[in-house]
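Structure at a glance
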Amino acid sequence: MAKQAQGEHTPVGIIGGSGLTRLHALKVERQEVISTPYGEPSAPLTFGRFDGNPVVFLPRHGAGHTLPPHGVNYRANLWALRHVGVERAIGMAAVGGITSVMAPGVLCVPDQIIDYTWGREHTLYEGDLENVTHIDFTEPYCAELREALLESASQVGVPIYNGGTYAATQGPRLETAAEIKRLERDGCDVVGMTGMPEAALAAELGLCYACLALNVNWAAGKGDGPITMAEIEHNLEQGMGKARKILAAVAAV
Ligand code: HPA
């Protein structure tokens, strides 16, 4: 992994999702408001340390969780992280489980993604139409960082599922049962609302990016009855402790 001149790791970027607007155990050193060519990021960047290892934290939905998935300025968020020297970024995600292994409480590190979102600012390549750049996106996640997440989970004794296809839906409503059946036919394992364009923008910026996803409910039609916020919040509460342990271990790699 890249080291800084003084022999320290470059900080790992952590984009917190629902249930992770703050990182407990993060020793905060400073916050920085970053202006970007794409507008304001979701919040000031928080620079701090996890067990002595440097991280930069950004709550995707804003410090007070006020931004809906379709209202997040993904371009500004990713640009800001790159701007401060982040080379590896982890997108945390609360997701619904589609396939039988993705039960509520299960953590996974997806290896593929399908984009069902629309109308979001999804590229940094605009305006300069003479130099349109088509990035390769065959493998949407950084293999090295996926491996670091899986190894760290094993180190701290947290079971985790290796792989899966993430369906990125528009939200903010949850899906219909028929939509979930369709996503399953498409080969999707989990469904969330923020995976895109985040992963693609990271690739455009040359960031090594991976997703750490926590299943917080059975996707529509896969469980008994309607999906409740109480169920989602309960599973978030239970699962985020495990996710934090993994993040702390990754920061050290
Ligand atoms: N669908 C979409 N996004 C989600 C879900 C879901 O069931 N659960 C958590 N985020």
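Below or above, wherever it landed, is the structure these notes cover. Small disclaimer: the values here were computed from a predicted structure and weren't measured.

1. Some words on the state of the cysteines
Evaluated as defined, the whole model comprises one disulfide. Disulfide partner of Cys142: Cys208, at an S-S distance of 2.0 Å. Sign of the S-S torsion, about -75 degrees for the bond between Cys142 and Cys208, identifies this disulfide as left-handed. One end of the pair, Cys142, is in the loop between strand E7 (112–115) and helix H2 (143–155); the other, Cys208, is in strand E11 (residues 208–218), with 66 residues separating them in the sequence. Taken individually, Cys142 and Cys208 each receive the classification buried, so the pair is uniform in this respect. The thiol of Cys108 is not disulfide-bonded; the next cysteine sulfur, from Cys211, is found 6.8 Å away.

2. Structural notes on the pairing of strand E1 (residues 12–16)
Successive residues of a regular strand alternate their side chains across the two faces of the sheet. Most of E1 is tucked away, with five of its five residues classed as buried. Residues of E1 alternate between two faces, with Val12, Ile14 and Gly16 on one and Gly13 and Ile15 on the opposite face, all of them buried. When E1 meets strand E4 (residues 53–59), the two strands line up parallel, connected through five bridges. Counterpart to Ile15 in the pairing with E4 is Leu58. In this sheet, strand E5 (residues 88–97) lies alongside E1 in parallel orientation, the contact comprising four bridges. Across the sheet, the residue bridging to Gly13 is Ala89, located in E5.

3. Digging into the site of the ligand
Close to the ligand lie Ala94, Val95, Gly96, Leu174, Glu175, Val191, Gly192, Met193, Val216 and Asn217. Between Gly96 and the ligand, the recorded distance is 3.3 Å, taken from a backbone N or O atom to a nitrogen atom. Look at the ligand: alone it shows 260 Å² of surface, and the protein chains cover 93% of it. Taken together, the elements giving at least two residues each to the shell around the ligand come down to E5, strand E10 (190–192) and E11. Broken down by element, the residue count for the shell around the ligand peaks at three residues, all from E5. The residue inventory of the shell around the ligand, partitioned by class, reads six nonpolar, three polar and one charged.

4. So, the environment of Thr176
Within the secondary structure, Thr176 is located in the loop between strand E9 (165–168) and helix H3 (177–185). Overall, Thr176 belongs to the partly exposed group, its relative accessible area being 38%. Expressed as a C-alpha distance, the spacing of Thr176 and Ile34, which sit 142 residues apart in the sequence, is 38 Å.

5. Let's talk about helix H4 (residues 195–204)
Taken across its ten residues, H4 has nine buried, putting it largely inside the fold. Those residues of H4 not exposed but buried are Gly195, Met196, Pro197, Glu198, Ala199, Ala200, Leu201, Ala202 and Glu204. Count one or two residues on from H4 and you reach Gly206, which has phi positive near 75 degrees.

6. Considering the packing of helix H1 (residues 74–83) against H4
Relative to each other, H1 and H4 sit at 40 degrees, their axes nearing to 9 Å. Seen from above, H1 lies across H4 with right-handed handedness. Residues Tyr74, Arg75 and Leu78 of H1 touch H4, and the partners they reach there are Met196, Pro197, Glu198, Leu201 and Ala202. Tallied by class, residues from the contact of H1 with H4 come to six nonpolar, no polar and two charged.

About the cut-offs
Residues numbered from 1 in each chain as written. Predicted model: local features only at pLDDT ≥ 70, side-chain atom pairs only at ≥ 80, totals over all residues. Heavy atoms only, no water. Disulfide = S-S within 2.5 Å. Helix = DSSP H or I, 4+ residues; strand = E, 2+ residues; numbered from the N terminus. Buried < 20%, exposed > 50% of the residue type's maximum accessible area, 1.4 Å probe, protein only. Pairing = 2+ DSSP bridges. Near = heavy atom within 4 Å. Polar contact = N/O pair within 3.5 Å; in protein donor to acceptor, adjacent residues only side chain to side chain. Areas by Shrake-Rupley, 256 points an atom, 1.4 Å probe, with all protein chains shown as cover. Nonpolar A, V, L, I, M, F, W, Y, C, P; charged D, E, K, R; others polar. Axes fitted to C-alpha atoms, helices over the stretch in contact; angles between N-to-C directions. Left-handed = near helix turned anticlockwise from the far one by under 90°. Contact = heavy atoms within 4.5 Å.

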